[in-house]
Amino acid sequence: MTTQGVQLIIEDSHAVMDNGILQVRISKPGGFVTGIRYNGVDNLLEVLNERDNRGYWDVVWSEAGSTGTTGTFERVIVENEELVEISFTRTWDSSLNGKLSPLNIDKRYAMLRNSSGFYSYAIFEHLEEWPAFNIPQIRIVFKLRKDKFHYMAIADDRQRFMPLPDDRLPGRGQELATPEAVLLVNPVEPEFKGEVDDKYQYSSDNKDLEVHGWISSETPTDPATGFWVIIPSNEFRSGGPVKQNLTSHVGPISLAMFLSAHYAGEDLVLKLQPNEPWKKVFGPVFMYLNALLDNDDPLWLWEDAKIQMTKEVQCWPYDFPASEDYQKADQRGSVFGTLQIRDWFLSDDYIPAEGAYVGLAPPGDAGSWQRECKGYQFWTRVDEEGSFSISNVRCGDYNLYAWVPGFIGEYWNKLVLTITPGCQINVGDIVYEPPRDGPTLWEIGIPDRSAAEFYVPDPNPKYINKLYVNHPDKFRQYGLWEKYADLYPNEDLIYTVGVSDWTQDWFFAQVTRKEDDDTYQGTTWQIKFKLENVEASGTYKLRLALATANVSELQVRVNDPKEDPVFTTGVIGKDNTIARHGIHGLYRLYNIDISSVLLVEGDNTIYLTQAIATGPLQGIMYDYVRLEGPPIPFP
């Protein structure tokens, strides 16, 4: 605690915010964070980097690649002892066409009295008459001092001492199948020799991505210091609660990701069309600094960061941002109701949708929220009685969406809900009827939009990340796709219903097979099952829920692998989940009619062929597979 109010110092090339706890230097006119002074350290950011490569907003746009968002001038928005907020604005006109993204960008930085950190947010605007273009990524990047920050924490069970960025350079590191994955062959610290470093191994779902960062190494002269990125709300992040994003990684680097196509591909690229106006507020996010005082355990800094994260979440929406585009609590509304499930095969009664995800997202169709990236989304979880409440919703038009772990499919209400200031909309009792034609004859997996319940092999000992040894997220190890051919060297996977165990006998990803001549072949999995009788003239239903797909085509055949498929997805997916060590990407559900004439009494086989094979990183992950019998006539 300090008695000093917040001060703003304007220099020729910098603006400096100082509240007596920390001091933040921001370059003029670009708005780059060039220095953070805290806890006796003159600068926590990497002083070896150029000034515009330490802390910055970053936009990847069009086909031209990446550009940091530069500014033309700074404005003092608020300046008093309780709050300083400054703005760096970049405006666009037609003379900049092809040189800069056609956006007006207003970057804001704010500091509060007695606050051990600072905030940043931005308003992006595209006017109707401006050119169409694409944005695959928007983020804030902080690059910390590599001589100080060596311990990274992104979750209670995902934290460790990290290699140095130097270890990834030629001579010390060997690039693997993707440029992000590097085998450390001659690291500065020998303890990391033989490990794989890949930033995607530290990705997290939005719902779990609230705080992450770094702890500096303690020395006799420098007590341990923590640098944390706290994201108090998901409303401005694209793709919904289970969209995966990058966090912190070797650098040492910490990110605040707002928009990315990672684990989704083209579907989550923001595409502004001709004559399409657009405006969105990203943030604020909070950069929190803490220091070790009387406690001698540096991991206390992580525990303290989690406490601060909870405080920030409880304060959302903030009351201090000065932009009129950022809506305060009294400008927002709420929606509440109950969600129940009706599945006659499981129960004659309604089932409370405990644990379901219920959300408001821009109007679309069923499941469109996971591909939505222009507006805002607001999600919550359903309690044990089926009740839900979504508060602090920005004004605007929304549809109500939901999905329930344990059940396939999507709930979507096409009724447009218009949120106005102070409104409290009761949507009443909502009933979700998951896709169901007939009784379940057999099933494989758990319908939870993830392939985590299936068999994930141990990694090749040559490609280990020690963090994920004996860890529930072992799927984050590098190169697991190569283990498929080791397990199935001569023939593809065969799963026998009633005999096989999906936790041991269903490989987590249907990948390609590398041949001796270094070409790749598609793979065909078999599901063998028995039918005691086949209903004549009946239609059976095969439900295929996919957790992800990457440049794949899934073909389904019944009892004859040489016949034309009864169903094909066509080419689907650019999720790239296999290469990026994820266990899910975009969810896809296919409901396939199988005529009884294709089935026989006794032994049957369904053939699942992933037909496209041009490389090692193509394939699909299944979420859940179910065969239903024909519909049962009700009296």
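Rules used in this analysis
Residues numbered from 1 in each chain as written. Predicted model: local features only at pLDDT ≥ 70, side-chain atom pairs only at ≥ 80, totals over all residues. Heavy atoms only, no water. Helix = DSSP H or I, 4+ residues; strand = E, 2+ residues; numbered from the N terminus. Areas by Shrake-Rupley, 256 points an atom, 1.4 Å probe, with all protein chains shown as cover. Lys, Arg positive; Asp, Glu negative; His and termini not counted. Charge placed at Lys NZ, Arg CZ, Asp CG, Glu CD. Core = buried A, V, L, I, M, F, W, Y, C linked by side-chain atoms within 4.5 Å. Buried < 20%, exposed > 50% of the residue type's maximum accessible area, 1.4 Å probe, protein only. Contact = heavy atoms within 4.5 Å. Patch = residues over 30% accessible without salt bridge, like charges linked within 9 Å, V, L, I, M, F, W, Y side chains within 5 Å. Salt bridge = Lys/Arg side-chain N within 4 Å of Asp/Glu carboxyl O. Pairing = 2+ DSSP bridges. Phe/Tyr/Trp six-rings, centres within 6.5 Å; stacked < 30°, edge-to-face > 60°. Lys NZ or Arg CZ within 6 Å of the ring centre and 35° of its normal.

Enquirer: It is not clear to me how the overall build of the protein should be interpreted in this structure. Could you clarify?
Expert: When helices and strands are tallied, the protein shows 3 helices and 46 strands. In the structure as shown, the protein presents an accessible area of about 25700 Å², 47% of it carried by carbon and sulfur atoms. Here the protein carries 57 positive and 91 negative side-chain charges, and the mean point of each set is 5 Å from the other.

Enquirer: How do you make sense of the nonpolar core when you look at a structure like this?
Expert: For soluble globular proteins, nonpolar side chains are generally found buried alongside one another. Met17, Phe118, Phe124 and Leu339 are the most contacted members of the largest nonpolar core, which totals 111 residues. At 9 residues, the largest contribution of residues to this core is made by strand β25 (residues 278–291). When sequence neighbours within four positions are dropped, the list of residues in contact with Met17 reads Gln7, Leu8, Leu22, Gln23, Val24, Ile26, Val84, Ile86, Tyr109, Ala110, Met111 and Phe118. Counting 53 residues, the second largest nonpolar core, distinct from the first, contains Tyr495, Phe507, Tyr590 and Tyr622.

Enquirer: Quick question: what am I supposed to make of a nonpolar patch on the surface here?
Expert: On the surface, Val566, Val597 and Leu598 cluster together into a nonpolar patch covering about 240 Å² of accessible area. Structurally, the position occupied by Val597 is in the loop between β44 (588–595) and β45 (602–610).

Enquirer: Help me understand the sheet that holds strand β35 (residues 494–496) in this model?
Expert: Where strands meet in a sheet, backbone hydrogen bonds hold them as pairs that are either parallel or antiparallel. What the 5 strands build is an open sheet, ordered β35-β39-β45-β41-β42; its pairing is mixed. Both outer strands of the open sheet, β35 and β42 (567–568), are each paired with one neighbouring strand and no more. Bridge count for strand β41 (residues 554–558) against β45 is 5 bridges, and the pairing is antiparallel. In the sheet register, Leu554 faces β45, and the bridge partner there is Gln610.

Enquirer: When you look at the pattern of salt bridges in this model, what are you seeing that I'm missing?
Expert: If charged atoms from side chains of opposite charge come close, those side chains can pair. Scanning the model with the defined rule gives 35 salt bridges in all. With its nearest N and O atoms 3.4 Å apart, the salt bridge here joins Asp325 to Lys279. Residue Asp325 is located in the loop between α1 (300–314) and β26 (333–341), and its partner Lys279 is located in strand β25; the two are separated by 46 residues in the primary sequence. The residue Asp437 makes a salt bridge to Arg543 at a minimum N-O spacing of 3.4 Å. Of the two residues, Asp437 is situated in the loop between β33 (424–432) and β34 (440–445) and Arg543 in strand β40 (residues 539–552); the sequence distance between them amounts to 106 residues. With a relative accessible area of 32%, Asp437 lands in the partly exposed category. Because the salt bridges share partners, they merge into one network encompassing Asp437, Lys541, Arg543, Asp593, Arg626 and Glu628.

Enquirer: How should I be thinking about the sheet that holds strand β17 (residues 196–197) in this particular structure?
Expert: With antiparallel pairing, 3 strands are arranged side by side in an open sheet as β15-β16-β17. Either end of the sheet is taken by a strand with one partner, and the two such strands are β15 (173–175) and β17. Relative to strand β16 (residues 182–184), β15 runs antiparallel, the two being bridged by 3 bridges. Counterpart to Gln174 in the pairing with β16 is Leu183.

Enquirer: Quick question: what am I supposed to make of the packing of aromatic side chains here?
Expert: The description of an aromatic ring pair uses the distance of the two centres, along with the angle that the planes make with each other. In total, this model carries 41 aromatic pairs according to the counting rule given. Pairing Trp228 with Trp302 gives two aromatic rings, centres 5.6 Å apart and planes at 50 degrees, and the pair type is tilted. With Trp228 in strand β20 (residues 225–230) and Trp302 in helix α1, this pair connects stretches of sequence that are 74 residues apart. Centre to centre, the rings of Phe567 and Tyr590 are 5.5 Å apart; their planes meet at 55 degrees, and the pair counts as tilted. Of this pair, Phe567 sits in strand β42 while Tyr590 sits in strand β44, and the two are 23 residues apart along the sequence. Tyr590 sits in the buried class, given a relative accessible area of 17%. Looking at Lys107, its charged tip hangs above the ring of Phe32, at a distance of 5.2 Å from the centre.

Enquirer: Which parts of the structure should I look at to understand unusual backbone geometry?
Expert: Residues other than glycine predominantly adopt negative phi, and peptide bonds predominantly adopt the trans conformation. Here Gly283 and Pro284 are connected by a cis peptide whose omega angle stands at 5 degrees. Within the fold, Pro284 resides in strand β25. The amide bond that connects Trp316 to the next residue, Pro317, takes the cis arrangement and shows omega of -5 degrees. With a phi close to 70 degrees, Arg449 is a non-glycine residue in the positive phi region. Mapped onto the elements, Arg449 comes out in the loop between β34 and α2 (483–487). What makes Arg449 buried here is its relative accessible area of 8%. With phi around 65 degrees, Asn559 is a residue other than glycine that occupies positive phi space. Checked against the element boundaries, Asn559 lands in the loop between β41 and β42.

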